[in-house]
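Observations on the three-dimensional arrangement
Residues per chain, in single letters:
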Amino acid sequence: MSTKDYYEILGVRPNAAQEEIELAYKGRRSQYHPDRYAQSDADTQAWATAKMQEVNEAYQVLASAESRSTFDRRRASGHQSRPDARQERHPPTFSSGSI
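1. Considering helix α3 (residues 42–63)
- For α3, with 22 residues, the first-to-last C-alpha span of 31 Å sits near the 32 Å given by 1.5 Å per residue.
- Listed as buried for α3 are A48, M52, V55, A58, Y59, V61 and L62.
- Between the side-chain oxygen of the N-cap and the backbone nitrogen of D43 there are 3.0 Å, and the N-cap of α3 in question is D41.

2. Describing the nonpolar core
- Ranked by internal contacts, the top residues of the largest apolar core, which has 17 residues, are Y6, L10, V12, I21, V55, L62 and F71.
- Those elements that provide at least two residues to this core are α1 (6–10), α2 (18–32) and α3.
- Leaving out residues up to four positions away in the same chain, L10 has contacts with I21, A24, Y25, R28, V55, A58, Y59 and L62.

3. Quick notes on α2
- In a regular helix each residue adds 1.5 Å, so 15 residues correspond to 21 Å; α2 covers 21 Å between its end C-alpha atoms and thus fits that length.
- When α2 is considered as a whole, its buried residues turn out to be I21, A24, Y25 and Y32. The buried residues of α2 occupy an angular sector of 105° when projected down its axis, which confines them to one face. Opposite the buried face of α2, by more than 90 degrees, sit the exposed residues E19 and L23.

Calculation rules
- Residues numbered from 1 in each chain as written.
- Predicted model: local features only at pLDDT ≥ 70, side-chain atom pairs only at ≥ 80, totals over all residues.
- Heavy atoms only, no water.
- Helix = DSSP H or I, 4+ residues; strand = E, 2+ residues; numbered from the N terminus.
- Expected span 1.5 Å × (residues − 1).
- Buried < 20%, exposed > 50% of the residue type's maximum accessible area, 1.4 Å probe, protein only.
- Polar contact = N/O pair within 3.5 Å; in protein donor to acceptor, adjacent residues only side chain to side chain.
- Core = buried A, V, L, I, M, F, W, Y, C linked by side-chain atoms within 4.5 Å.
- Contact = heavy atoms within 4.5 Å.
- Arc of directions from axis to C-beta.

Right under this line is the structure:
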């Protein structure tokens, strides 16, 4: 599964209604549409194209109730098994003279 958080990409809460997801998609689509950056340099155009692809991918997953449900289940299981990002976890270290 992709590690992307589609809710974050669209800027909506995970419990957002379908209408809110659609509205957010339309906003992001107009914000990142490559035509908006037609007069920009190649790097900016590539950035806008990549962002637009992310937005389209997020909407494609979240627009369908079935794929959204699958994404939510995978997202929940991934977050439960992942250690808390704020706590660094390191293997124990032993000095050579401590045993």
